[in-house]
Protein chains: 2
Amino acid sequence: MSKAPPPKPTDSELEILHVLWQHGPATVRAINDNLSQRRQAEVGYTTTLKILQLMLDKGLVRRDDADRSHVYRAAVREQETQGLLLDKFVDATFGGSALKLVMQALGSRQTSADELAQIRRLLNDIEIQNSTSTADDDDNA
Amino acid sequence: MSKAPPPKPTDSELEILHVLWQHGPATVRAINDNLSQRRQAEVGYTTTLKILQLMLDKGLVRRDDADRSHVYRAAVREQETQGLLLDKFVDATFGGSALKLVMQALGSRQTSADELAQIRRLLNDIEIQNSTSTADDDDNA
DNA sequence: TTGCAACTACGAAGGCTTTCGTAGCATCTT
DNA sequence: AAGATGCTACGAAAGCCTTCGTAGTTGCAA
């Protein structure tokens, strides 16, 4: 009955999720080391620990505390989480228009020919889907 | 001299900026009415006033206090502000890859044929620019 | 002129996020 | 066995954002 939807991660939490998504399950020590590398400065060990504990409460991570050093792993998927954040961002910043966002992202930025090609490929896929799936749409979120 | 870079607006501030971008200069009363419409609930008048005062401090808006009812107007441009926010968002959420963001935005979302066409047009423009303006480029990212 | 309505300024509370210090406990080493 | 090391739990502080109440002032109307 109660599948509480996973809440929107904060910036620090998102940073930790990136580590977990990239490296898989890890101890606080490993996560903290990784975080310290990414940033300029050292991150306090207990800071990382605390955030992980809060994330556990929120359901953003799970942990295995069989061993003395608990092992944390992401409880939310990368794409889903990014999609969630993207939705909110599009609403807040571009009034809900994903098109505006895409135009802005492509327009005011260096985009390589390779990337442009990838996007074209995606556009083709979408158009094919749009034209073929018109008969059988059975999607509910 | 010190052209202090305009700081990143918060969510509430951004909401107010949207009103100002859309309607031009306005009084607190007008802004507050507009805000109250967008949301479900009434927004406290002094809440709006307070945020505008903070925005004035930050340089996000300017005001004309010739009349008793001060008139506020945006001091930052829509596109620039959106670009700034987009940069931060891409960094935090997609590890700096604008491509991933675009793919996610287009992939997990309903995109109309019309919108797809607009994006294609933009892609064409970009490719033309890439080939004409840099006749002799070997690109390195 | 007196009183009401509208406006600005300001302080403060509450919530959230991030950071860190400390305490307590288990483990390992010598 | 005893001490050092490393780990977790927890409390608390600081900063930021949002919200609102209150006080003081100005302008208008009766």
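Residues numbered from 1 in each chain as written. Chains lettered and ligands numbered in written order. Predicted model: local features only at pLDDT ≥ 70, side-chain atom pairs only at ≥ 80, totals over all residues. Heavy atoms only, no water.

A look at the overall build of chain A
The following threshold applies: Each helix is a run of H or I in the DSSP string that is no shorter than four residues. Each strand is a run of E no shorter than two, and both are numbered from the N terminus. Three exposure classes are used, based on accessible area relative to the maximum for each residue type with a 1.4 Å probe and protein chains only: buried under 20%, partly exposed in between, and exposed over 50%. Contacts are assigned to residue pairs that have any heavy atoms within 4.5 Å of one another. For accessible areas, the Shrake-Rupley method is used with a probe of radius 1.4 Å. Any residue's cover is judged against the shown protein chains and nothing else. For the purpose of charge, His is not counted, nor are the chain termini; Lys and Arg are scored as positive and Asp and Glu as negative. Charge positions are represented by NZ for Lys, CZ for Arg, CG for Asp and CD for Glu.
Along chain A, the regular secondary structure elements total six helices and three strands. Ordered by position from the N terminus, the helices and strands of chain A form the series α-β-α-α-β-β-α-α-α. With respect to the three principal axes, the spread of C-alpha positions in chain A is 55 × 45 × 25 Å. Here chain A holds 141 residues, and the buried ones make up 34% of them. Of the contacts formed within chain A by residues at least 6 apart in sequence, a portion of 45% connects residues at least 24 apart. For chain A, the computed accessible surface area is about 8900 Å², with 47% contributed by carbon and sulfur atoms. Counting 17 positive and 21 negative side-chain charges, chain A places the averaged centre of each group 7 Å from the other.

Topic: the relation of the copies chain A and chain B
Defined as follows: The copies were overlaid by least squares, fitting only the C-alpha atoms of residues that reach a pLDDT of 70 or more in each copy.
With an RMSD of 0.1 Å, chain A superimposes on chain B once it is rotated by 180° and translated 0.0 Å along the axis. Such a combination of turn and shift is consistent with a two-fold rotation axis. The position closest to the rotation axis in chain A is occupied by the C-alpha of Val-102 of chain A, lying 3.0 Å away. When the interface residues of chain A are mapped onto chain B, 97% of them are again interface residues, pointing to one common binding face.

Thoughts on the protein's contact with DNA strand D
Note the threshold: Think of it this way: one heavy atom of a residue within 4 Å of a molecule or strand is enough to make that residue near it. Polar contacts, as used here, are pairs of N or O atoms within 3.5 Å; protein pairs need one atom able to donate a hydrogen and one able to accept it. Residues neighboring in sequence count only if both atoms are side-chain atoms. Gly is put with the polar residues, along with every residue not named as nonpolar or charged; the nonpolar set is Ala, Val, Leu, Ile, Met, Phe, Trp, Tyr, Cys and Pro, and the charged set is Asp, Glu, Lys and Arg.
Close to DNA strand D lie 22 residues, the nearest being Arg-29, Tyr-45, Gln-53 and Arg-68 of chain A together with Thr-10 of chain B. Among the atoms of DNA strand D lying within 4 Å of the protein, the sugar-phosphate backbone contributes 65%. Within the contact set of DNA strand D, a phosphate oxygen lies 2.4 Å away from a side-chain nitrogen or oxygen of Tyr-45 of chain A. In this structure, a phosphate oxygen belonging to DNA strand D sits 3.0 Å away from a side-chain N or O atom of Ser-12 of chain B. The class makeup of the residues in the surface near DNA strand D is four nonpolar, nine polar and nine charged.

Remarks on the domain arrangement of chain A
Threshold: Note that domain bounds follow an automatic or database assignment of domains.
On domain assignment, one finds that chain A holds domain 1 (11-74) and domain 2 (97-132). The centre of domain 1 of chain A, based on its C-alpha atoms, is set 34 Å off from the matching centre of domain 2 of chain A.

What to know about the protein's contact with DNA strand C
Of all residues adjacent to DNA strand C, which total 22 residues, the nearest are Thr-10 of chain A together with Arg-29, Tyr-45, Gln-53 and Arg-68 of chain B. If you look at DNA strand C and keep only atoms within 4 Å of the protein, 65% of those are sugar or phosphate atoms. Thr-10 of chain A places a polar side-chain atom, nitrogen or oxygen, 2.7 Å from a phosphate oxygen of DNA strand C. Measuring from a phosphate oxygen of DNA strand C, one finds a side-chain N or O atom of Arg-63 of chain B at 3.1 Å. Contributing elements (two or more residues each) for the surface near DNA strand C: α1 (11-23) and α3 (45-58) of chain A together with α2 (28-38) and α3 (45-58) of chain B.

Describing the nonpolar core
Worth spelling out the cut-off: Among buried residues, those of type Ala, Val, Leu, Ile, Met, Phe, Trp, Tyr and Cys that are joined through side-chain atoms within 4.5 Å constitute a nonpolar core.
Counting 66 residues, the largest nonpolar core has Leu-101 of chain A together with Leu-101 and Leu-106 of chain B as the members making the most contacts within it. The residues contacting Leu-101 of chain A, other than those within four sequence positions of it, are Leu-86, Phe-89, Val-90 and Phe-94 of chain A together with Leu-86, Leu-101 and Ala-105 of chain B.

Describing the interface of chain A and chain B
Our working rule: Simply put, the buried area is the total loss of 1.4 Å probe accessible area from both parts when two parts are fitted together. The salt bridge criterion pairs a side-chain nitrogen of Lys or Arg with a carboxyl oxygen of Asp or Glu, the two atoms within 4 Å.
Between chain A and chain B, the residue contacts involve 34 residues of the former and 34 residues of the latter. The junction of chain A with chain B conceals about 3800 Å² of combined surface from both sides, 66% of it contributed by carbon and sulfur atoms. When residues of chain A are sorted by the area they lose upon contact with chain B, Leu-99, Arg-120 and Leu-123 of chain A head the list and together hold 16% of the total. Where chain A meets chain B, there are two salt bridges.

Notes on the sheet that holds strand β1 (residues 26-27) of chain B
Residues and elements named next belong to chain B. Defined as follows: Here, a strand pair is defined by DSSP locating no fewer than two bridges between the strands. Fitting a line to C-alpha atoms yields each axis, with helices limited to the stretch in contact; the angle taken between N-to-C directions then spans 0 to 180 degrees.
Read across the sheet, three strands follow the order β1-β3-β2 without closing on themselves; strand pairing throughout is antiparallel. With one partner strand each, in any of the chains shown, β1 and β2 (61-64) form the two edges of the open sheet. Examined bridge by bridge, β1 and strand β3 (residues 71-74) share two bridges and lie antiparallel to one another. By the bridge assignment for β3, Ala-26 is matched with Tyr-72. The strands touched by helix α1 (residues 11-23) are β1, β2 and β3; relative to β3, the strand with the most contacts, the crossing angle is about 95°.

Concerning the packing of aromatic side chains
In plain terms, the rule: Each pair of aromatic rings taken from Phe, Tyr and Trp, with Trp reduced to its six-membered ring, is defined by centres within 6.5 Å and is described as stacked if the planes are under 30 degrees apart, edge-to-face if over 60, and tilted in the remaining cases.
Overall, the coordinates contain three aromatic pairs over all chains when judged by the stated rule. Where Phe-89 of chain A meets Phe-89 of chain B, the ring centres are 4.1 Å apart and the plane angle is 0°; that geometry is what we call stacked. Of this pair, Phe-89 of chain A sits in helix α4 (residues 78-94) while Phe-89 of chain B is found in helix α4 (residues 78-94), placing the two residues in two different chains. With relative accessibility at 10%, the residue Phe-89 of chain A sits in the buried group. Ring centres 6.1 Å apart and planes at 65° place the aromatic pair Phe-89 of chain B and Phe-94 of chain B in the edge-to-face group. For the pair formed by Phe-89 of chain B and Phe-94 of chain B, the shared burial category is buried.

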